[in-house]
Number of protein chains: 2
Amino acid sequence: MISKGRISEIRKLHLKKFRDQEKLFLVEGRKSVEMLLESDFQICDIYATENFYQEHQGMFGKMAVTMVSLPEMERISTLSTPPELLAVVRQRQNAQPIGEHEPVLVLDRIADPGNLGTMVRTADWFGIRHVVCSPDCVEFYNPKTIQSTMGSFCHVQVHVRDLVDFLKANNDRRALGTFLGGESINEFEFHDNDIIVIGSESNGISVPVAECITHRITIPRGRTNGPSAESLNAAVAAAIVMERWSDR
Amino acid sequence: MISKGRISEIRKLHLKKFRDQEKLFLVEGRKSVEMLLESDFQICDIYATENFYQEHQGMFGKMAVTMVSLPEMERISTLSTPPELLAVVRQRQNAQPIGEHEPVLVLDRIADPGNLGTMVRTADWFGIRHVVCSPDCVEFYNPKTIQSTMGSFCHVQVHVRDLVDFLKANNDRRALGTFLGGESINEFEFHDNDIIVIGSESNGISVPVAECITHRITIPRGRTNGPSAESLNAAVAAAIVMERWSDR
């Protein structure tokens, strides 16, 4: 059973304002909650649909779980198809510090929550454990972002920092940025602790951040006659650079 | 001026059923319509906000343009922020045939319109001009798909075909599919007219299609201790394979 008051408290967490205020966020869906249970996040509450709970009681260990009806799950979830599981989770106070040999993905004003989540997921695949977001990036704890990480929000440390400050404080490392006319990623020699900077979907890397870039790299277009795409999706560009970095 | 009747006809095109019936689709946003004007698509109508039209009359040549108010544009558009331009466009009857030396991207049950659009955009960047979708892929003319191609819908020929039929009819070419445990894309030798097969977001390549795959390839995970992502986003995986193909 879940009270009306609790439903409305959870629904408030659909909004950034209340997530910021309460320092909480939502994790929705079976796979994501399973990965959450193995992570170091602090879980406040778990809600399960009755059917799911009956069949999977074992997976929660000592964690108390509240059973809800499907219409209740529909109300507390942000998803159009209600998930079997939803958790209310405490936001991390501080991300773990970045080791000097660790690579970093830096995101400058990424606006689309799906893109941010996909980039965190891809970073996780390639073993990049730290993502630094500019303060004007879309919020990491946005439910769409968390959803599109497909559980990788548990593995990757997300920092919010002024990017110029961050890059200046790390000027003993190389900062790679994608630009038209840079060195081809096919020939570029990547280093273990490179910082990979990806710019916003519509405007690329902002001017003050671009001034901190030490190496300009480019994803070459295919050989073709006639017109081709003007640019790549930001999450696609980030993935291609991370894959090349991973094969260094 | 736009009549109430015309507004409701255009709004019907927000739905697949009516797009199928009328063989029409919508193109929204300045950039996309600009690319549309340079393409071989047949344009039925263009709607422009008054301000935009006053300032950019020249760009339309002999094409008649209907001016609409911002509230009218809001009604006919599928976007939450109304665009400056919207066009009603005839769907292609037949895609151009695939040349024997041309590469092909094959998509098996892609469900997310944004992923499909992003893959078309990425194919365009890398000079892959043909995308073959299974009949159960999300519709190419879905406004979200068209939107996320960022104009590349004008450059790429999209075919809808039974994939087993298609692959059998093209069994003189190699069909590459991504699987765990295949040959690493870092060492794989790509050919000019390879067929690259990408499976659905949730289930990968379906069994009958997998039986037509001639070469199993893999995007290696990063070297890392501890857990990592279980998979990559389908559009990300497609992009990484296309980038490696492009660097053959």
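A. Quick look at the overall build of chain A. When its secondary structure is counted, chain A shows 10 helices and 10 strands. Within chain A, buried positions represent 56% of all 248 residues. Taking contacts inside chain A between residues at least 6 apart in sequence as the whole, the part at least 24 apart equals 78%. Carbon and sulfur atoms provide 46% of the accessible area of chain A, an area that totals close to 11500 Å². Charged side chains in chain A number 27 positive and 33 negative. The centres of these two groups are separated by 4 Å.

B. Seen up close, the relation of the copies chain A and chain B. When chain A is fitted to chain B, the best match, at an RMSD of 0.0 Å, comes from turning it 180° and sliding it 0.0 Å along the axis. Between the two chains, the operation in question is that of a two-fold axis. The residues that chain A uses at the interface reappear at the interface of chain B in 100% of cases, marking a shared surface.

C. Expanded view of the sheet that holds strand β3 (residues 65-68) of chain B. Residue and element names in this part refer to chain B. The sheet built from 4 strands is open, its strands ordered β1-β4-β2-β3 with mixed pairing. Of all the strands in the sheet, the pair left with one neighbour each is β1 (24-28) and β3. Going from strand to strand, the sheet's axes swing by 20° on average, the running direction of each strand aside. As judged from the 5 bridges shared by strand β2 (residues 43-49) and strand β4 (residues 85-90), these two strands associate in the antiparallel manner.

D. View of the pairing of β1 of chain B. Residues and elements named next belong to chain B. Within β1, 5 of the 5 residues are buried, leaving the element largely enclosed by the surrounding structure. The side-chain alternation of β1 yields two buried faces, one formed by Leu 24, Leu 26 and Glu 28 and the other by Phe 25 and Val 27. For β1 and β4, the ladder comprises 5 bridges, and the chain directions are antiparallel. By the bridge assignment for β4, Leu 26 is matched with Val 88.

E. Structural detail: the interface of chain A and chain B. Every contact between the two is made by 37 residues of chain A and, on the other side, 37 residues of chain B. Summing both partners gives a buried area of about 3400 Å² for chain A against chain B, and 52% of it is carried by carbon and sulfur. Our count for the contact surface shared by chain A and chain B stands at 6 salt bridges. Between Glu 243 of chain B and Arg 244 of chain A there is a salt bridge, with the nearest N and O atoms lying 3.0 Å from each other. Remark: the boundary between chain A and chain B carries 22 residue pairs in polar contact (both at pLDDT 80 or more). Those elements that provide at least two residues to the side of chain A that touches chain B are α6 (113-125) and α10 (234-246) of chain A. With 7 residues, α10 of chain A is the largest single contributor of residues to the side of chain A that touches chain B.

Conventions used here
- Residues numbered from 1 in each chain as written.
- Chains lettered and ligands numbered in written order.
- Predicted model: local features only at pLDDT ≥ 70, side-chain atom pairs only at ≥ 80, totals over all residues.
- Heavy atoms only, no water.
- Helix = DSSP H or I, 4+ residues; strand = E, 2+ residues; numbered from the N terminus.
- Buried < 20%, exposed > 50% of the residue type's maximum accessible area, 1.4 Å probe, protein only.
- Contact = heavy atoms within 4.5 Å.
- Areas by Shrake-Rupley, 256 points an atom, 1.4 Å probe, with all protein chains shown as cover.
- Lys, Arg positive; Asp, Glu negative; His and termini not counted.
- Charge placed at Lys NZ, Arg CZ, Asp CG, Glu CD.
- Least-squares fit on C-alpha atoms with pLDDT ≥ 70 in both.
- Pairing = 2+ DSSP bridges.
- Axes fitted to C-alpha atoms, helices over the stretch in contact; angles between N-to-C directions.
- Buried area = accessible area lost by both parts, 1.4 Å probe.
- Salt bridge = Lys/Arg side-chain N within 4 Å of Asp/Glu carboxyl O.
- Polar contact = N/O pair within 3.5 Å; in protein donor to acceptor, adjacent residues only side chain to side chain.

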